[in-house]
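# Coordinate analysis (summary)
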Amino acid sequence: MLPWVVRRTRLPLLSRRCVDCPSESATTGYGRFRVNANGKLLDVWLLVRCVRCDRTSKLTVHERTTVGSLDPAELHGYHTNDARLVASTLLDPAFARRNHVVLDWTDAWRLDAVPVPLGEAWPIRVEVVFHDPVPVRPDRLVARGLGLSRAEVRRRVKCDVPERRSRNTVFTFTLMSVN
């Protein structure tokens, strides 16, 4: 079985309409949090910037949360703008739902694919592993990895998951010989 690995190359953009310009994309930029204390309650936001006009907006991470309810290491990460905490916050599906944003993974990932040996016995099995939760359609991923059209992929590949539905977990496929 050949191993293929999907890796994130950068954080995805956010599909979010800017209030100042017609842009519909935002970025986490340098990855900064804003923490605001009001008495014994904290608000934590992730700061994002419009890709066109550079306007900064806040996305809610925690709202009116008591200091004691947060893990001290996590709170320290918010204060120091920890890059891993920025990534895990941005990739959290609950965060995206709460803030009504969709992640745009265009050009934010790469496929490390072992070349398919042509002299090997057919069929050839390939396992695709995801290092990060990058949602990709299996038919597009396989087409990119093998350098085939998607029509050719539909003819020659047997996949254990629906090929036209995005996924971000391990799957396998079998490449059949050309007949």
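Predicted model only: the values in this text are computed from it and were never measured. (Residues numbered from 1 in each chain as written. Predicted model: local features only at pLDDT ≥ 70, side-chain atom pairs only at ≥ 80, totals over all residues. Heavy atoms only, no water.)

Attention shifts here to the sheet that holds strand 3 (residues 25-38). Read across the open sheet, the five strands follow the order 5-4-3-2-6; overall the sheet is antiparallel. The sheet is open, and its two borders are formed by strand 5 (56-66) and strand 6 (102-104), each paired with just one other strand. Strand-to-strand, the axes of this sheet are offset by a mean angle of 40 degrees, without reference to chain direction. Docked against the sheet, helix 1 (residues 72-80) engages strand 3, strand 4 (41-50) and strand 5, running at close to 120 degrees with respect to strand 3. Helix-sheet contacts for helix 2 (residues 83-90) involve strand 2 (13-15), strand 3, strand 4, strand 5 and strand 6, and the interaxial angle to strand 3 is about 105 degrees. (Pairing = 2+ DSSP bridges. Helix = DSSP H or I, 4+ residues; strand = E, 2+ residues; numbered from the N terminus. Axes fitted to C-alpha atoms, helices over the stretch in contact; angles between N-to-C directions. Contact = heavy atoms within 4.5 Å.)

Moving on to helix 1. Within the sequence span of helix 1, burial applies to L75, G77 and Y78. Along the axis of helix 1, the buried positions cluster into a sector of 155 degrees, meaning they face one direction only. Facing away from the buried side of helix 1, by more than 90 degrees, are the exposed residues P72, A73, H76 and H79. Tucked into the core, helix 1 has its buried residues touching strand 3, strand 4, strand 5 and helix 2. In the stretch just after helix 1, N81 is the one whose phi turns positive, near 55 degrees. (Buried < 20%, exposed > 50% of the residue type's maximum accessible area, 1.4 Å probe, protein only. Arc of directions from axis to C-beta.)

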